[in-house]
Amino acid sequence: MASPLSPQTITCKAAVAWGPGEPMSIEEVQVAPPQPMEVRIKVVATTICRSDITLWESRGHIPIFPRIFGHEATGIVESVGEGVTDLREGDHVLTVFQGECKKCRHCKSDKSNACETLGVEGNGLMHSDQKTRFSINGKPIYHFVGVSSFSEYTVVHSECVVKLSPDVPLGKISVLGCSVATGFGAAWKIANVGKGSTVVIFGLGAVGLAVAQGAKLRGASRIIGVDINPDKFERGKIFGVTEFINPNDYKQPTQEVVKEITTGGADYCFECVGNVELMRTALESCCDGWGMAVLIGVPSGKMELSAHYGPLLNGRTLKGTLLGGWKTRSELPMLVEMYMKKEIQIDEYVTHELPFADINKGYQLMKEGKCLRCVLHVGI
């Protein structure tokens with residue numbers, strides 16, 4: 001039996017998606033107390049990520065509903081479960097969709113950030129017991145990648161959060177929970193972009209522009225952005241993009257355009273859209289010998305990627321990444337510190353801020369390509 005001081009079930013507001021592509025409804029939900037090695041968080045701010053939209057639409061993905069989406073968030077620990085020793089009530093935190101147990105083979109290796117214990121949870125349940133912590137009138141509401149930040153309160157595994165200093169603003173920095181960390185790390189850590197190199201980025205959303213910033217700080221001399229939305233071109237310059245290609249302006253395939261203007265292909269190409277045909281284009285846009293294509297986007301619809309063996313035989317490399325290769329608890333604090341020292345841009349990725357109740361408006365802005373990231377202010 002729980003003691004009077006034990007955390008109790010909380011009733012709060014959450015944005016519930018009842019079916020694929022259906023507008024989210026603000027509902028009163030019950031949030032259970034944190035179980036062993038879990039924390040319950042009062043969400044302060046959360047952002048809408050492209051993958052929140054992709055999985056909400058459920059094209060090419062198994063539909064899991066009713067569900068609470070959201071995974072880029074900051075908040076304050078409200079209560080802790082049994083066994084949690086490195087977090088306590090009142091701590092400021094950043095949520096992440098992939099944890100770091102620091103014990104498994106991958107966590108102990110410097111070659112991977114894919115925790116075997118706390119990897120991406122795709123079943124709408126909690127890692128520890130494969131149950132939900134959300135419900136409405138006793139009926140379960142499913143989670144999203146173990147975070148579900150489109151709620152005033154949420155429960156996450158304690159090793160899927162990054163502890164923040166109290167002086168870190170709990171707002172725009174939520175983008176470090178996925179998009180910006182992913183793009184920045186893809187250039188900085190996965191590709192390890194070399195000084196004086198040529199980089200091509202397919203898709204100039206928040207992830208693609210984070211790739212641009214990472215490549216710029218690594219010393220790339222040419223950063224070429226590829227996008228069919230011309231409105232994104234001027235914005236790209238803020239993050240280091242030096243040249244632009246709009247595929248609609250050319251008759252020949254994009255890979256041929258890239259090879260022509262780079263005299264043989266780029267040193268590094270990054271696919272940030274989630275389109276398997278574009279992934280192949282990225283590989284074919286690389287130069288022979290050392291060209292590297294890094295896949296970042298989450299596909300919707302067609303999932304299988306096909307490519308001719310020739311480019312690979314000639315020395316090109318095809319890689320993928322989740323969260324930019326960062327070990328969440330060990331390495332993401334470095335990015336937070338860089339932000340606080342004004343060494344990297346974070347705030348500039350947030351183009352819109354809305355109250356939590358306007359979440360559907362934020363989704364529409366993202367779908368229309370009118371914003372990079374939209375911060376939803378959930379609580380204080």
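Residues numbered from 1 in each chain as written. Predicted model: local features only at pLDDT ≥ 70, side-chain atom pairs only at ≥ 80, totals over all residues. Heavy atoms only, no water.

The name recorded for the chain in an unreviewed UniProt entry is Enoyl reductase (ER) domain-containing protein, from Picea sitchensis. Under the Sequence similarities (unreviewed entry) heading, UniProt states for the chain: "Belongs to the zinc-containing alcohol dehydrogenase family. Class-III subfamily." Taken verbatim from the UniProt record of the chain, the Cofactor (unreviewed entry) comment is "Zn(2+)". (UniProt positions renumbered as here; feature names shortened; annotations may be inferred.)

Of regular secondary structure, the chain possesses ten helices and 17 strands. By the compact-globule yardstick of 21 Å for 380 residues, the chain fits well, its C-alpha radius of gyration being 21 Å. In terms of overall dimensions, the chain has a C-alpha envelope of 70 × 40 × 40 Å along the principal axes. The buried share of the chain, taken over its 380 residues, is 57%. In the chain, once contacts between residues fewer than 6 apart in sequence are set aside, the share between residues at least 24 apart is 69%. Put simply, the chain shows about 16200 Å² of open surface, and 51% of that area lies on carbon and sulfur atoms. Across the chain, 39 positive and 41 negative side-chain charges occur, with their mean positions spaced 2 Å apart. (Helix = DSSP H or I, 4+ residues; strand = E, 2+ residues; numbered from the N terminus. Rg over C-alpha atoms; globule rule 2.2 N^0.38 Å. Buried < 20%, exposed > 50% of the residue type's maximum accessible area, 1.4 Å probe, protein only. Contact = heavy atoms within 4.5 Å. Areas by Shrake-Rupley, 256 points an atom, 1.4 Å probe, with all protein chains shown as cover. Lys, Arg positive; Asp, Glu negative; His and termini not counted. Charge placed at Lys NZ, Arg CZ, Asp CG, Glu CD.)

Turning next to the UniProt feature "domain: Enoyl reductase (ER)" (unreviewed entry) in the chain. The feature "domain: Enoyl reductase (ER)" (unreviewed entry), as annotated in UniProt, sits at residues 19–376 in this numbering. Taken as a whole, residues 19–376 contains 25% helix and 22% strand, while its terminal C-alpha atoms sit 21 Å from one another.

Below, the discussion takes up the sheet that holds strand β2 (residues 25–31). Spatial strand order, β1-β2-β6-β7: four strands in an open sheet with antiparallel pairing. Both outer strands of the open sheet, β1 (10–16) and β7 (139–141), are each paired with one neighbouring strand and no more. Looking at each pair of strands side by side, their axes are set apart by 50 degrees on average, direction ignored. For strand β6 (residues 134–136) and β7, the ladder comprises three bridges, and the chain directions are antiparallel. Looking across to β7, one finds that I136 is bridged to K139. (Pairing = 2+ DSSP bridges. Axes fitted to C-alpha atoms, helices over the stretch in contact; angles between N-to-C directions.)

Let's shift gears to the domain arrangement of the chain. You'll often see interface size given as the accessible area lost when the parts meet. If you check the domain split of the chain, you get domain 1 (11–21 + 40–173 + 346–377) and domain 2 (182–322). The gap between the C-alpha centroids of domain 1 and domain 2 is 28 Å. Contacts between domain 1 and domain 2 engage 14 residues on the former and 16 residues on the latter. Across the domain 1 to domain 2 interface the summed buried area is about 1300 Å²; carbon plus sulfur atoms make up 63%. Its largest share of buried area at the contact with domain 2, domain 1 owes to R59, Y349 and L372, together 40% of the area lost on that side. (Domains from an automatic or database assignment. Buried area = accessible area lost by both parts, 1.4 Å probe.)

Glancing now at the packing of helix α1 (residues 50–57) against helix α10 (residues 359–367). Between α1 and α10, the least distance of the axes is 10 Å, while the angle of their chain directions is 100 degrees. For the element pair α1 / α10, the angle class is roughly perpendicular. Contact residues: R50, D52, I53, W56 and E57 in α1; Y363, M366 and K367 in α10. Looking at the contact of α1 with α10 residue by residue, the classes come out as four nonpolar, no polar and four charged. (Parallel < 35°, antiparallel > 145°, perpendicular 65-115°, else oblique. Nonpolar A, V, L, I, M, F, W, Y, C, P; charged D, E, K, R; others polar.)

Once that is clear, we can look at the packing of aromatic side chains. For the coordinates displayed, the defined rule picks out seven aromatic pairs. Here the aromatic rings of F233 and F244 are separated by 4.8 Å at their centres, their planes lie at 25 degrees, and the arrangement is stacked. Within this pair, whereas F233 is found in helix α5 (residues 231–238), its partner F244 is found in strand β12 (residues 243–245), the two being separated by eleven residues in sequence. For F233, a relative accessible area of 13% translates into the label buried. Residue classification places F244 among the partly exposed residues on the basis of a relative accessible area of 23%. A network of ring pairs unites the aromatic residues W56, F150 and Y363 as a single cluster. (Phe/Tyr/Trp six-rings, centres within 6.5 Å; stacked < 30°, edge-to-face > 60°.)

Here the focus is a nonpolar patch on the surface. Together, L305, L312 and L318 give the surface a local cluster of nonpolar side chains, amounting to about 220 Å² of exposed area. Relative to the elements of secondary structure, L318 occurs in strand β15 (residues 317–320). (Patch = residues over 30% accessible without salt bridge, like charges linked within 9 Å, V, L, I, M, F, W, Y side chains within 5 Å. Salt bridge = Lys/Arg side-chain N within 4 Å of Asp/Glu carboxyl O.)

This model, assessed by the stated rule, comprises 18 salt bridges. Across the pair R222 and E243 runs a salt bridge, and its minimum N-O distance is 2.7 Å. Placement of the pair is R222 in strand β11 (residues 222–226) and E243 in strand β12, with a sequence separation of 21 residues. Owing to a relative accessible area of 24%, E243 belongs among the partly exposed residues under this scheme. When salt bridges with common partners are traced through the structure, they connect E38, D129 and R133 into a single cluster.

One pass over the structure, following the stated rule, counts zero disulfides. The thiol of C287 is not disulfide-bonded; the next cysteine sulfur, from C286, is found 6.8 Å away. (Disulfide = S-S within 2.5 Å.)

With that out of the way, let us pick up the packing of helix α3 (residues 179–190) against helix α9 (residues 328–340). Between α3 and α9, whose axes approach to 12 Å, the crossing angle comes to 100 degrees. The angle between α3 and α9 falls in the class roughly perpendicular. Residues A181, F184 and K189 of α3 lie in contact with α9, whose contacting residues are E331, L332, L335 and M338. The residue inventory of the contact of α3 with α9, partitioned by class, reads five nonpolar, no polar and two charged.

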